[in-house]
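# Fold and geometry: a report
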Amino acid sequence: MQPEVKTKKTLHIKIALIITFAVITPGIAGLFISLTPILYLLAGVLSSVLSIIILFWILQPLSALIKSTGVFSDGKLNHRIDIRSGDEFEEAGNSFNTMADKLSKTIQSLEDERDTAVSDKNKFSEILSSVIDGIIALDFNKRVIFLNEAGKQITGYTETEIYGKPIDQFIHLFRDKEEILSKIYCTASFNQSTQLIGKMGKQTRINLVTTQVGSTVQTNLSCILVLHDLSREEELEQMKLDFVSMASHELKTPLTSIVGYLSVFLNESKDIPKESFDLLHKAFTAAQQLQTLIQNLLNVNKIEKDQLSVSSGPIDYLPVLSKAVEDLRSQASQKEIILTLIPPAQNLPKVLADQVRLGEIITNLVANAINYTNPGGKVEISTTVSPNAVQTVVADTGIGIPKEAIPHLFGKFFRVSSQTQQAKKGTGLGLYIAKSIIEKLHGKIWVESEAGKGSKFYFTIPVVTQSAGILNRDKFDSEAIQTGSLNY
Amino acid sequence: MGPTPKKILLVEDEDFIKELYTRQLTKAGFAVKSAVDGQSGLEALKAETFDLLLLDIMLPGMNGLQLLREFRTQNPNSPMITILLTNLGQEAVIKEGFELGAQAYLIKASYTPDQVVNEVKNALFGSQPPSSIPTAQ
């Protein structure tokens, strides 16, 4: 860009003149004035001194140049040289100024770039810090190369403690007591709730998502772990469960009175007009349904908290079945449904179950059958015995279950009506509870149904084998009175 | 039932339930006394002898199990039958009740008062025909 500057030779001439002056002056002086050797020498010295002084005067811009270079290199990028010696020094000064201009522009643009990079970096680290989930980045040797704020809080570690060190020496992840960090290490799509154990055994329930990074060896980034702290959610969930439990218990107390008083009233009021009796009977039925509903809420609560305890002991099945069915007889007759408990063909062996829980299963299944059967229909309960289990069938002539609904039937809050848009009451908890209890009792539950043709719900309860009978012979075998739930 | 009615103490803090059970048990021919908390229940047990104790577990102040423990400590040989009334029934609580000599437990919510009376009769006199709710005609 800069046209090639023709280098001046002025300095050369100047120096040549001085040397000439220094050498020739005494000689010329000697020619005109006869000098003693001493004076001659003196003149030589004098001219040399003068020459040196002149030389210094000539070279003075050089020191300015040197000084300016120093100032510039000290970082004063605006510093420029002003030499007007008309010689090469002036030229060097100008070149210096040109270079300084270019250099300071380059430096400026580098600084700008650096500032942008720094601000980008700050922005990203600000973003990562603000993420409420913990983020840990690992290199190809499982060493921690990044940990954000939330990550520090969840694990309890700071960057200095953990950076550059293998993650599995610091953090442990457990799922059902099984250490999983080594197994799931950066599998493509890991997304599960796990227990994290960090510094000083600090435990946190987290949802862990791992992402494999398809990076080059140069960036040395292989895996990103995202830790979502579940403790707050679990706390809220716990509060919700506690509230439901507390509210349900509180609701039960007055309801027990209502059902109790109504049942006594109905028992004693045979001579009141039929119409009045029917009105009260409907109130009684509704109150009983409410009781079942509240009981179901409490049960679901227990299932959610994993606290649904089912005590399995040898019990007589038929009395439990009869009581549950009889308790629903009035509901059935109100709907003009014929409810029949077919007496077993043979004596039922003792089953391994929890009386009250078993009663709840039957109540739920029979109440459902009544609920989904139209007036004039039938609900039949029968039992068959196999070597290992008693199988019970609750068959109805009701509206049946569409094929597509059957796989979801035993899920929580599932109601066939929500799919078929048929308005039917129910919370959709009964079958979910029944399944949970039956599974705890090591039995099975399933359904056969066709829309419009009724449903058959089957469930099995293991019978007492000799060894099981001995194992389970504890205080709960007491046959004193048919009583008791073990878990409310 | 013999000429002298069997004596029952009902310890229950819910007034309505207490009233209702008392009424039904009295109608069934029992001599019923009641108490609304553990302390007064224990005092009633000290004052006279009962054939059967219907004991709620959740009581204000001294709870049912504490009452039972206290009573059993003072009267280790009492032939009194104890039936626990409960709405809560955690396994441990029931188990503890049995260890303290309770013969049975029943859940208030799933037993009508007449069924409760029936269970009391069962406990005192042996098996009775089951009672059930009348059906609408």
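Per an unreviewed UniProt entry, chain B is named Response regulatory domain-containing protein.

Where an unreviewed UniProt entry is consulted, chain A appears under the name histidine kinase. The Catalytic activity (unreviewed entry) field of the UniProt record for chain A holds the comment "ATP + protein L-histidine = ADP + protein N-phospho-L-histidine."

On to the overall build of chain A. Secondary structure summary: chain A contains 14 helices and 14 strands in total. Here chain A, with 488 residues, has 40% of them falling under the buried criterion. When contacts within chain A are restricted to residue pairs at least 6 apart in sequence, those whose partners lie at least 24 apart make up 62%. Total accessible area on chain A stands at roughly 27,200 Å², and carbon and sulfur atoms take up 60% of it.

Glancing now at the overall build of chain B. Secondary structure summary: chain B contains 5 helices and 5 strands in total. The order of α-helices and β-strands along chain B, N terminus first, is β-α-β-α-β-α-β-α-β-α. Looking at chain B as a whole, 54% of its 137 residues are labelled buried. With an accessible surface of roughly 5,900 Å², chain B has 51% of that area assigned to carbon and sulfur atoms.

All right, on to the packing of aromatic side chains then. Summed over all chains, the structure comprises 7 aromatic pairs over all chains. On the numbers, 6.3 Å between centres and 85° between planes, the contact of A:Phe410 with A:Phe457 is edge-to-face. Within this pair, whereas A:Phe410 is found in the loop between β12 (389-396) and α12 (416-420), its partner A:Phe457 is found in strand β14 (residues 455-462), the two being separated by 47 residues in sequence. Residue classification places A:Phe410 among the buried residues on the basis of a relative accessible area of 14%. Between A:Lys323 and the ring centre of B:Tyr111, over which it is positioned, the NZ or CZ distance is 4.7 Å.

The subject of this paragraph is helix α2 (residues 38-47) of chain B. Residue and element names in this part refer to chain B. Looking at α2, one finds that the buried residues are Gly38, Gly41, Leu42, Ala44 and Leu45. End-on view of α2: buried residues confined to an arc of 160°, all on one side of the axis. Residues of α2 that are exposed and angled more than 90 degrees away from the buried face: Lys46 and Ala47. In this structure, the buried residues of α2 make contact with β1 (7-11), β2 (31-35), β3 (52-56) and α3 (64-74). The N-capping residue of α2, defined by a side-chain oxygen 3.3 Å from the backbone nitrogen of Gln39, is Asp37.

Now for the packing of helix α8 (residues 274-304) of chain A against helix α13 (residues 430-440) of chain A. Residue and element names in this part refer to chain A. Between α8 and α13, the shortest axis-to-axis distance is 10 Å and the interhelical angle comes to 50°. As summarised for this structure, α8 and α13 are arranged oblique, according to the angle between their axes. The two elements α8 and α13 meet at a crossing, and its hand is left-handed. Here Asn296, Asn299, Val300, Ile303 and Glu304 of α8 come into contact with α13, specifically with Gly430, Tyr432, Ile433 and Ser436.

Turning our attention to the UniProt feature "modified residue: 4-aspartylphosphate" (unreviewed entry) in chain B. Residues and elements named next belong to chain B. According to UniProt, the "modified residue: 4-aspartylphosphate" (unreviewed entry) feature falls on Asp56. Residue position: Asp56 is located in strand β3. On the accessibility criterion, Asp56 (2% relative accessible area) is buried. When neighbours within four sequence positions are excluded, Asp56 is seen to be in contact with Val11, Glu12, Asp13, Gly64, Leu85 and Lys108.

Take the sheet that holds strand β1 (residues 134-138) of chain A next. All names here are of chain A. Read from one edge to the other, the open sheet built from 7 strands follows the order β2-β1-β7-β6-β5-β3-β4, with strand pairing classed as antiparallel. If you trace the sheet from one side to the other, it starts and ends with β2 (144-147) and β4 (178-179), each paired once. Note that strand β5 (residues 190-197) and strand β6 (residues 203-212) share 8 bridges and pair antiparallel. Note that in β6 the partner of Ile197 across the bridge is Gln203.

About the cut-offs
Residues numbered from 1 in each chain as written. Chains lettered and ligands numbered in written order. Predicted model: local features only at pLDDT ≥ 70, side-chain atom pairs only at ≥ 80, totals over all residues. Heavy atoms only, no water. UniProt positions renumbered as here; feature names shortened; annotations may be inferred. Helix = DSSP H or I, 4+ residues; strand = E, 2+ residues; numbered from the N terminus. Buried < 20%, exposed > 50% of the residue type's maximum accessible area, 1.4 Å probe, protein only. Contact = heavy atoms within 4.5 Å. Areas by Shrake-Rupley, 256 points an atom, 1.4 Å probe, with all protein chains shown as cover. Phe/Tyr/Trp six-rings, centres within 6.5 Å; stacked < 30°, edge-to-face > 60°. Lys NZ or Arg CZ within 6 Å of the ring centre and 35° of its normal. Arc of directions from axis to C-beta. Polar contact = N/O pair within 3.5 Å; in protein donor to acceptor, adjacent residues only side chain to side chain. Axes fitted to C-alpha atoms, helices over the stretch in contact; angles between N-to-C directions. Parallel < 35°, antiparallel > 145°, perpendicular 65-115°, else oblique. Left-handed = near helix turned anticlockwise from the far one by under 90°. Pairing = 2+ DSSP bridges.

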